[in-house]
Amino acid sequence: MAMTAIETGFDLTLTEEQELARKTAHDFAAEKVLPRAAEIDEQAKIPRELIAEMGALGFMGAYVPEQYGGAGLDVLSYTLIVEEINRACASTGVALCSHVSLAVDPILHHGSDEQKARYLPALASGERIGCFALSEPASGSDAAAMRTGATRQGDSWILNGTKNFITNGSIADVAIVFAQTDPTERHKGIAAFIVETKTPGFSVGKLEKKLGIRGSDTAQLVFQDCRVPAANLLGEVGEGLRIALSTLDGGRISIAAQAVGIARACLEDSLAYAKQREAFGKRIADFQAIQWMLADMATEIDAARLLTWRAAAAKDAGEDHILAAAEAKLFASDVAVRAARDCVQIFGGYGYLKDFPAERHYRDAKITEIYEGTSEIMKLVIAEEILKE
Amino acid sequence: MKILIPLKQVPDSTVRVSVAADGKSIKTEGVTWSISPYDEYAIEMALERKDADASTVVAVVTVGPARSRDALRQALAMGCDEASLVVAEETAAPLAVARALAKVVEEAKPDLVLCGKQASDDDQGFIGPALAEVLGWAHVATITKIVPADGAAELWREVEGGHEVWKAKLPALATVHKSEKEPRYPSLPGIMKAKKKEIPERAFASLNVDSSAPALEIVAMEPPPARGAGKILKDGDAKQTAQQLATLLRDEAKVL
Ligand SMILES: Cc1cc2nc3c(=O)[nH]c(=O)nc-3n(C[C@H](O)[C@H](O)[C@H](O)COP(=O)(O)OP(=O)(O)OC[C@H]3O[C@@H](n4cnc5c(N)ncnc54)[C@H](O)[C@@H]3O)c2cc1C
């Protein structure tokens, strides 16, 4: 089993560019995102200029080649950026993850030269925002059961149906939409389309009200005789499900990085609080019970990050990363949920108040165990990989 | 216009420095290093000139240990055009550093040298004026803005209640207090462009600078005394609290 993409020895040192990318993201997150995180959660809205700033810094096209207007870094650098942004704000973080991993990535990997030239530059610069529309009201984990249909009419495809839970759905300019061209064929009939959201017949339905990542918009998308040019078919008819699943393999690396970012927020906030809060005449950091929670958090975060980096390195090396990505997401999301629970506990009663960040981490962490494949689905994927010959 | 910025790599402002075992220096293990903040303002000021006039060339140089290369790479990633490193693993006397920089300036022939008004590690504010002195150039301190003016530059300084505008014939040297905008972050495309640039380096000794200088020695370094716990006045109404406060400020804090 290929366990690492690093061929020459075991070296986890970041390159100069990776380190600089991390530093830029860290400074930007600490100075521009973190101070607004509570407001983004409260108002359930990410300021558009924040996304524009991420675009100007190159985050929205981090690993898109320069030829298509991207920054031309690697997936590992992108993973570092995702961790830093999510350390500050998981809502802003998932807007970035969905755009890059779920909308830009499939065009980059499955698009024709013409599609890449047409769509990537504006997406990579953040001028246009992307979303990924796979889930439906009646199909989530079982994506192949989708009901949204596409029928060919001359030089166009006509889309009808409803997509559910779509991150960036109401702010996107471009949507990657999956639809069934022939229900009798089940997954062999699924196709992927690049749909411009200004297309007649496309509309945004209700916006979901959520437990966490409240700043990220989660929208229902409605297609009513939405006419998409045949040139916007991504890949071939019948390749749609494969495109969706391989896109999610990459997306899971970014969700693992998001979980590491949220867990790190829990640890850093817990450390700061435990060092200054006193009880029984001591800092609570001096109680072993608190120290054990902090030690577990630190250890698990490091382990989760290493799994995430390994998956990113495998994707960079062009290696199969289905297993590595699923393991990273399964483990890191669990770490984030546990770290958030302990963070609230360390803050005591203040952990339960909106005035402190702990309760936001607690609400934000949970989603990482659900989207882009639930933890149960991650185990299915992992088991399938390790059981196959 | 060509602008040269001598910069210094210092411990990042978020690092909690501690005194090393010798009692005369700080511990460098595990320290995150950054460009000194006033040098970042100088870079931003120069890059704002470059934004306004694309023919502007912005170069950076540092005299310091090999790790300072990271600071130069960051400056390139912010948008500077050129960088060079003078490697000095041992800390050189400040005047010798100014002389080494003067050699670099004489080779690079910039129209304007911008220095941060002081480095955030030792806060001496020595290099800028000393470099101007070695070069025999005009020097304007703590500027906030540059306006080019035909063979000269208007250099703006903030003063009590307004600002002063000085005019210096080029070449000149100014120390920077603040740029108009906050220093920009290195963008990812900037990082990739910087990756392709060479950063030539040479040894401090190869510059053959006169190292005779008034000797300075750090005798001891101590962290500031730990701050005692604060006192919260909570008994009594507002008037009584104010009275207690006034008494404490007079008798204990002795500030009244
Ligand atoms: C905030 C948010 C953002 C989202 N963003 C997007 C997006 O941008 N694009 C998009 O397409 N979708 C998005 N989703 C949808 C998300 O991916 C799905 O909710 C998720 O895949 C689970 O599907 P479901 O909700 O239909 O749950 P179900 O599939 O109905 O699952 C319900 C439960 O059954 C379990 N289960 C299901 N099948 C099995 C099985 N075979 N074995 C064991 N257990 C099983 C699940 O693990 C879960 O515990 C988002 C969801 C949320 C909440």
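What you see is a predicted model; the values in this text were computed from it and never measured. (Residues numbered from 1 in each chain as written. Chains lettered and ligands numbered in written order. Predicted model: local features only at pLDDT ≥ 70, side-chain atom pairs only at ≥ 80, totals over all residues. Heavy atoms only, no water.)

### Description of the pairing of strand β1 (residues 130–133) of chain A
All names here are of chain A. Here β1 shows no split at all, with G130 and F132 on one side and C131 and A133 on the other all buried. Of the strand pairs in this sheet, β1 and strand β4 (residues 174–180) are connected by 4 bridges, and their pairing is parallel. Following the sheet pairing, G130 is matched in β4 by V174. (Buried < 20%, exposed > 50% of the residue type's maximum accessible area, 1.4 Å probe, protein only. Helix = DSSP H or I, 4+ residues; strand = E, 2+ residues; numbered from the N terminus. Pairing = 2+ DSSP bridges.)

### Focus on a nonpolar patch on the surface
Residue and element names in this part refer to chain A. A surface patch of nonpolar side chains, about 320 Å² in accessible area, is lined by F10, L12 and L306. Tracing the backbone shows L306 in helix α8 (residues 288–316). With relative accessibility at 43%, the residue L306 sits in the partly exposed group. (Patch = residues over 30% accessible without salt bridge, like charges linked within 9 Å, V, L, I, M, F, W, Y side chains within 5 Å. Areas by Shrake-Rupley, 256 points an atom, 1.4 Å probe, with all protein chains shown as cover. Salt bridge = Lys/Arg side-chain N within 4 Å of Asp/Glu carboxyl O.)

### Overview of the environment of A62 of chain A
With respect to the helices and strands, the residue A62 of chain A is situated in the loop between α3 (48–56) and α4 (75–88). A sequence separation of 14 residues divides A62 of chain A from L76 of chain A, and the C-alpha atoms of the two residues are 9.9 Å apart. Discounting chain neighbours no more than four positions away, the residues touching A62 of chain A are A71, G72, L73, Y78 and I81 of chain A together with L188 of chain B. (Contact = heavy atoms within 4.5 Å.)

### Re the domain arrangement of chain A
Accessible area lost during the coming together of the parts is what is often quoted as the interface size. All names here are of chain A. Domain boundaries assigned for chain A yield domain 1 (4–129), domain 2 (132–238) and domain 3 (241–386). Between the C-alpha centres of domain 1 and domain 3 the distance comes to 19 Å. Taken over both partners, the interface formed by domain 1 and domain 3 buries close to 2700 Å², and the fraction arising from carbon and sulfur atoms is 60%. Here E83 and R264 are joined by a salt bridge, their closest N and O atoms 2.7 Å apart. Applying the counting criterion to the domain 1 and domain 3 interface returns 12 residue pairs in polar contact (both at pLDDT 80 or more). Elements that contribute at least two residues to the side of domain 1 that touches domain 3 include exactly α2 (37–43), α4 and α5 (90–110). Sort the elements by how many residues they give to the side of domain 1 that touches domain 3 and α4 lands first, with 11 residues. (Domains from an automatic or database assignment. Buried area = accessible area lost by both parts, 1.4 Å probe. Polar contact = N/O pair within 3.5 Å; in protein donor to acceptor, adjacent residues only side chain to side chain.)

### Quick look at unusual backbone geometry
Residue and element names in this part refer to chain B. The peptide bond linking L170 to P171 adopts the cis configuration, its omega dihedral lying at 0°. With respect to the helices and strands, P171 occurs in the loop between β9 (162–169) and β10 (172–176). One non-glycine residue, K254, adopts positive backbone phi at about 55°. As for its placement among the helices and strands, K254 is situated in the segment after α6 (238–251).

### A few points about the sheet that holds strand β8 (residues 152–159) of chain B
Residue and element names in this part refer to chain B. Ordered by their spatial adjacency, 9 strands build an open sheet running β9-β8-β7-β10-β6-β1-β4-β5-β11, and the pairing between neighbours is mixed. The sheet terminates laterally at β9 and β11 (201–203), the two strands that pair on one side only. Each neighbouring strand pair of the sheet contributes to a mean axis angle of 35°, computed without reference to strand direction. As paired elements, β8 and β9 share 8 bridges and run antiparallel to each other. When the sheet's bridge partners are listed, E154 is paired in β9 with K167. Each of β1 (2–6), β4 (57–64), β6 (112–116), β7 (138–149) and β10 touches helix α1 (residues 37–52); the most contacted strand, β6, lies at about 145° to it. Contacts from helix α3 (residues 94–108) reach β1, β4, β5 (82–87), β6 and β11, with the element oriented near 150° to β4. (Axes fitted to C-alpha atoms, helices over the stretch in contact; angles between N-to-C directions.)

### Things to note about the pattern of salt bridges
All names here are of chain A. With the rule as written, the count across this model stands at 48 salt bridges over all chains. In this structure, D269 and R87 form a salt bridge, with 3.5 Å as the shortest nitrogen-oxygen distance. Of this pair, D269 sits in helix α7 (residues 240–276) while R87 is found in helix α4, placing the two residues 182 residues apart along the sequence. Residue classification places D269 among the buried residues on the basis of a relative accessible area of 17%. Of the charged contacts in the structure, one is a salt bridge between R283 and D286, with a shortest N-O distance of 3.1 Å. Taking relative accessible area as the criterion, D286 reaches 35% and is therefore assigned partly exposed. Linked by salt bridges that have partners in common, E19, R22, E83, E84, R87, R264, E268, D269, D302 and R305 make up one network.

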